[in-house]
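Observations on the model geometry
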Amino acid sequence: MRLAGRLSREVLDIAGRYLRVGVTGDELDRIVHAACMERNCYPSPLNYYKFPKSVCVSPNEVICHGIPDCRPIEDGDIINLDVTVYVEYKGRFYHGDLNETYLVGNCDEESVHLVKVAYDCLKAGFEMIKPGTMYRDLGAAI
């Protein structure tokens, strides 16, 4: 599992470095696919229930699992990149799945605040996670 997590982090970091105004989701998809191949892992989203790409690129109001396309990333976009890799280790297979939200270019205060509050909520939820924590109790912390 650690290998899968490390590889998915590497691939996400590579994609994040290429994310900028003017880049398309299709370009990010090619970068993620190549990074996976270089690391001898498979991009889990590709062909999963007919999903046609190697990464999920979700701009602005697209909540999750956005399909990369030819739309150029615009100044002020909020982009979520979701990377999942599938890797073999000692005869067993593991998925590493993570995502990150990026503010691209010059974002307005409302966008910056939205992303910060969402991140703070995530951290508050993480701080509660321990054996015995009820899922329903996370809402109060968030």
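Now for a look at the structure at hand. This is a predicted model, so every value here is computed, not measured. (Residues numbered from 1 in each chain as written. Predicted model: local features only at pLDDT ≥ 70, side-chain atom pairs only at ≥ 80, totals over all residues. Heavy atoms only, no water.)

1. So, the packing of aromatic side chains
- Counted under the stated rule, the structure contains two aromatic pairs.
- Measuring from centroid to centroid gives 4.7 Å for Tyr-48 and Tyr-49, while their planes differ by 85°, and the two rings are edge-to-face.
- Classification of Tyr-48 by relative accessible area gives exposed; the value is 54%.
- Tyr-49 gets classed as exposed once you look at its relative accessible area, which sits at 73%.
- When the centroid spacing of 5.4 Å and the interplanar angle of 15° are considered together, the rings of Tyr-86 and Phe-93 count as stacked. (Phe/Tyr/Trp six-rings, centres within 6.5 Å; stacked < 30°, edge-to-face > 60°. Buried < 20%, exposed > 50% of the residue type's maximum accessible area, 1.4 Å probe, protein only.)

2. What about the pattern of salt bridges?
- Taken as a whole and assessed by the stated rule, the structure comprises eight salt bridges.
- Put simply, Lys-53 and Asp-26 hold a salt bridge, and the shortest N to O gap is 2.8 Å. With Lys-53 in the loop between strand S1 (42-43) and strand S2 (56-59) and Asp-26 in helix H2 (residues 25-38), this pair connects stretches of sequence that are 27 residues apart.
- Its relative accessible area of 17% is what places Asp-26 among the buried residues.
- A salt bridge links Arg-39 to Glu-38; the nearest nitrogen and oxygen atoms lie 3.5 Å apart. (Salt bridge = Lys/Arg side-chain N within 4 Å of Asp/Glu carboxyl O. Helix = DSSP H or I, 4+ residues; strand = E, 2+ residues; numbered from the N terminus.)

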